[in-house]
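A closer look at the structure
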Amino acid sequence: MKVKAPGRINIIGEHTDYNDGYVLPFAVNRFVFLSIERSEKYLFCSETMNETVEMDEPKKLNSWTDYIVGVMKSFEKRGYHVPPVRIEVSSNLPVGAGLSSSAAIEVASAFAISEYFGFNLPKLELVKIAREAEVEFVGVRCGIMDQFTSTFGKKDHAIFLDTMTLEYEYVPLKLEGYEIDLVDSNVKHELSSSEYNKRRRECEEILKILGKKSFREIREEELSKLPDTLRKRAQHVLEENKRVLESVEALKKGDFETLGKLLFASHESLRDLYEVSCEETDFIVDFLREKDGILGARMVGGGFGGSVIVLSKKGVFESLKEELFEAYKEQFGIEPSFLQIESTDGVQRV
Ligand code: GLA
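Residue positions within a chain follow its written sequence, with the count starting from 1. With the structure being a predicted model, the display of local features is reserved for residues of pLDDT at least 70 and the display and counting of side-chain atom pairs for 80 or more, all residues being used for whole-chain, interface and lining totals. Remark: hydrogens and water are excluded; side-chain values derive from all non-hydrogen atoms of the structure.

Here we come to the pairing of strand β9 (residues 178-188). Of all 11 residues in β9, 8 are buried, a share of seventy percent or more. Think of it this way: DSSP has to see at least two bridges between two strands before they count as a pair. The way it works is that DSSP assigns letters per residue, a run of H or I at least four long becomes a helix, a run of E at least two long becomes a strand, and they are numbered from the N terminus. Bridge analysis of β9 against strand β11 (residues 305-313) gives 8 bridges, and the strand direction is antiparallel. Along β11, the bridge assignment pairs Leu182 with Ile309. Summarising the sheet, β9 and strand β12 (residues 337-340) pair through 4 bridges and their orientation is antiparallel. Bridge pairing links Asp181 to Gln340 in β12. With a 1.4 Å probe rolled over the protein chains alone, any residue whose accessible area is under 20% of its type maximum counts as buried; one over 50% counts as exposed, and the rest are partly exposed.

Written out as structure tokens, the structure is:
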């Protein structure tokens, strides 16, 4: 049996999903493909890595196999034993581009195992299994956005998700005279996962100091009680949540000028308050900010590299690519990549 799970891009709502906040992502037409069949031993084959790994019992190797083994462990925890299987993965989803290839492989594994063995778990349970694999087995304490989007994505729609209640609404992505593009900085700084977990600890500290159970209970007036760094982190989360709500309204009205301004504002906040940006993505955003017809741009995902999402009038971005390519290359000695993306449906059989 073969399945495919898409990556995701987040229009806005960054570092809000582990703070009971709002996000507005969509699934992108880049996938992890995964096939599963019974076997004598546990076999993990990756076309991308050009590697086959054999195990008697699923275990942690600090390698790409952890995403799949982590999912198996999450099934086991719920009382579903996964017997030896041969799992083969391939992908056209760039790793490290901030499109969440890790969530895609987790979701593909969870869906394939559930379908193949007839566990037939509800989709939301698969999202939880996939996320648990990342948090408890891989060790990145991520929120729920990536696994949720890879599972529940819908073509021509973004997902407005409340990560506190898990209520969600599909918002039509009617771009008409506009387009969304992606520039991959082709850098992924080492500190991304350690800094990610550090931000999570800082947010827990904020709740402790303010005596709150959830970020949703925090009022802006209370932020002055926090030490400087924590105040900045909390301010980002509160304002980013507001930006998501405004973006949903703008998208529904087709007001792309407003949406673009919100994207730029989000980037500034991630750079100055949450401090998860880096000079490469800042450079790309600053370059684009100056150009006519570019409505907005910002870093996407956890930060410290990865991609920049760009909202522009149709055709404008194409005419700027070469100049951006040269300017970026001259500055950093690295070539950026440009990805054409479209929204797509969530995990499914192929
Ligand atoms: C990573 C995590 C997500 C989310 C983003 C930041 O992609 O996996 O859960 O926290 O970073 O918004």
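Time to look at the domain arrangement of the protein chain. What counts as a domain boundary in this text is fixed by an automatic or database domain assignment. The assigned domain composition of the protein chain is domain 1 (2-173) and domain 2 (178-340). Here the C-alpha centroids of domain 1 and domain 2 sit 24 Å apart. Contacts: residue pairs with any heavy atoms within 4.5 Å of one another. On the domain 2 side, the residues contacting the 39 residues of domain 1 number 44 residues. Between domain 1 and domain 2 the total buried area reaches about 3300 Å² when both faces are included, carbon and sulfur atoms providing 61% of it. Note: buried area is the sum, over both parts, of the accessible area (probe 1.4 Å) each one loses when the two are combined. By the criterion of area lost to domain 2, the three top residues of domain 1 are Ile12, His15 and Arg141, representing 22% of everything that side buries. By salt bridge we mean one thing: a side-chain nitrogen of Lys or Arg within 4 Å of a carboxyl oxygen of Asp or Glu. Across the pair Glu204 and Arg141 runs a salt bridge, and its minimum N-O distance is 2.4 Å. Listing elements by their share of the side of domain 1 that touches domain 2, those giving two or more residues are β1 (2-10), β2 (22-23), β3 (25-38), β7 (157-162) and β8 (168-172).

Here we take up the environment of Met55. With respect to the helices, strands and loops of the structure, Met55 is situated in strand β5 (residues 51-55). Residue Met55 is classed as buried on the basis of its relative accessible area, which comes to 1%. Linking Met55 and Pro84, residues 29 residues apart in sequence, is a C-alpha distance of 9.0 Å. In contact with Met55, other than residues within four places in its own chain, are Lys41, Tyr42, Phe44, Leu61, Thr65 and Val69.

Around the ligand sit Arg8, Glu14, His15, Asp17, Tyr18, Cys142, Gly143, Met145, Asp146, Tyr196, Gly301 and Gly302, and that is every residue in its neighbourhood. For the purposes of these results, a polar contact is taken to be a pair of N or O atoms within 3.5 Å, where, inside protein, one atom must be able to donate a hydrogen and its partner to accept one; residues adjacent in sequence count only when each atom of the pair is a side-chain atom. For the ligand, an oxygen atom lies 2.9 Å from a polar atom in the side chain of Arg8. Between the ligand and Tyr196, the relevant distance is 2.6 Å, taken from an oxygen atom to a side-chain nitrogen or oxygen of the residue. The protein chains hide 90% of the 300 Å² of surface that the ligand would expose on its own. Basically, the charged four are Asp, Glu, Lys and Arg, the nonpolar ten are Ala, Val, Leu, Ile, Met, Phe, Trp, Tyr, Cys and Pro, and anything else, Gly included, counts as polar. Among the residues forming the shell around the ligand, the class breakdown is 4 nonpolar, 4 polar and 4 charged. Only a single heavy atom is needed: when it lies within 4 Å of a molecule or strand, its residue is near that molecule or strand. For the area figures, the Shrake-Rupley method with a 1.4 Å probe applies, and any residue is considered shielded solely by the protein chains shown.

For the rest of this paragraph, the subject is the sheet that holds strand β10 (residues 294-299). With respect to topology, 4 strands assemble into an open sheet ordered β10-β11-β9-β12, the strand pairing being antiparallel. Strand pairing shows two members of the sheet lacking a second neighbour, β10 and β12, which therefore form its edges. Here the strands of the sheet are splayed against their neighbours by 25° on average, with no regard to which way each runs. Here the axes come from fitting lines to C-alpha atoms, over the contacting stretch only for helices, and the angles between their N-to-C directions go from 0 to 180 degrees. Helix α7 (residues 256-272) rests against β9, β10 and β11 of the sheet, and its axis sits at about 30° to β10.

What follows deals with the nonpolar core. Put simply, a nonpolar core is a bunch of buried Ala, Val, Leu, Ile, Met, Phe, Trp, Tyr and Cys residues held in one set by side-chain atoms that sit within 4.5 Å of each other. Of all hydrophobic cores here, the largest spans 66 residues; its most connected members are Leu24, Phe44 and Phe75. With 8 residues, helix α2 (residues 101-116) is the single largest residue contributor to this core. Two domains each donate at least three residues to this core, and these are domain 1 (2-173) and domain 2 (178-340). Residue contacts for Phe44: discarding those within four places in its chain leaves Glu51, Thr52, Val53, Met55, Trp64, Thr65, Ile68, Val69, Met72 and Ile87.

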